[in-house]
Amino acid sequence: MDWTGLCVLLLIPAVMMLLGAIFLKRPPRKINDWFGYRTRRAMSSQEAWDFAHRTCGRIWLRWGAVLAVATVLVVLLLGRGEASLLSSWGGTAVLLQCGVMIVSTVPVDQALKRNFDQDGHPINKEN
């Protein structure tokens, strides 16, 4: 087994889980251009910013864990006898992981759209 390759392939799921935990426990307090879940709708108000980080944190924790388990399973199934996981199919795995990370913005933005208007004001669902 190529332990170095496995560690490299687990970086993206680990980062997703780490940032997910940070976004849930200690999200960026103020809207900023440097760190955090930064989409136009998320940055439209402090309330939307906080909501986006809670939502993204939950999704990244779950999806990161699923990616980590899937990566380990694929490595166990395909990695036997390989000189290096990274040289054989690691690039494809990393691209797929990045794709999952990018696609995870879709449910966050959908939740923002359901709960906030374009100006970041909560949508009153009672009316």
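Description of the structure in this document. Remember, predicted model here, so these are calculated numbers, not experimental data.

Analysis parameters
- Residues numbered from 1 in each chain as written.
- Predicted model: local features only at pLDDT ≥ 70, side-chain atom pairs only at ≥ 80, totals over all residues.
- Heavy atoms only, no water.
- Helix = DSSP H or I, 4+ residues; strand = E, 2+ residues; numbered from the N terminus.
- Buried < 20%, exposed > 50% of the residue type's maximum accessible area, 1.4 Å probe, protein only.
- Expected span 1.5 Å × (residues − 1).
- Arc of directions from axis to C-beta.
- Contact = heavy atoms within 4.5 Å.
- Axes fitted to C-alpha atoms, helices over the stretch in contact; angles between N-to-C directions.
- Parallel < 35°, antiparallel > 145°, perpendicular 65-115°, else oblique.
- Left-handed = near helix turned anticlockwise from the far one by under 90°.
- Nonpolar A, V, L, I, M, F, W, Y, C, P; charged D, E, K, R; others polar.
- Core = buried A, V, L, I, M, F, W, Y, C linked by side-chain atoms within 4.5 Å.

With that settled, the discussion passes to the overall build of the protein chain. The helix and strand inventory of the protein chain stands at 5 helices and 0 strands. Tracing the protein chain from N to C terminus, the helices and strands come up as α-α-α-α-α. Expressed as a percentage of the 127 residues in the protein chain, the buried residues total 35%.

Let's shift gears to helix α2 (residues 11-25). Taking 1.5 Å per residue as the helical rise, α2 with its 15 residues ought to reach 21 Å, and the 21 Å between its terminal C-alpha atoms agrees with that figure. Among all positions of α2, only I12, P13, M16, L19, G20 and F23 are buried. What you see down the axis of α2 is that its buried residues fit within an arc of 135°, all on one side. Every exposed residue of α2 that faces more than 90 degrees away from the buried side is listed here: L11, L18 and K25.

Within the element layout of this structure, F35 appears in the loop between α2 and α3 (46-78). Ignoring sequence-local partners within four residues, the contact set of F35 consists of L19, I22, F23, P28 and W49.

Viewed as axis vectors pointing N to C, α2 and α3 meet at an angle of 155°, and their least axial separation amounts to 7 Å. Taken as axis vectors, α2 and α3 run roughly antiparallel relative to one another. Between α2 and α3 lies a crossing whose hand is left-handed. When the residues that make up the contact of α2 with α3 are grouped by side-chain class, the tally is 14 nonpolar, 5 polar and 2 charged.

A few words on the nonpolar core. One broad trend across soluble globular proteins is that nonpolar side chains are buried collectively. Grouped together as the largest cluster of nonpolar side chains are 17 residues, with contacts concentrated most on Y37, A52, C56, W60, V108 and L112. For this core, the secondary structure elements donating two or more residues are α2, α3 and α5 (105-115). Looking at this core, the element that brings in the most residues is α3, giving 7 residues. Sequence-distant contacts of W60, that is, excluding residues within four places in its chain, are made with M16, M17, L19, G20, F23, M101 and S104.

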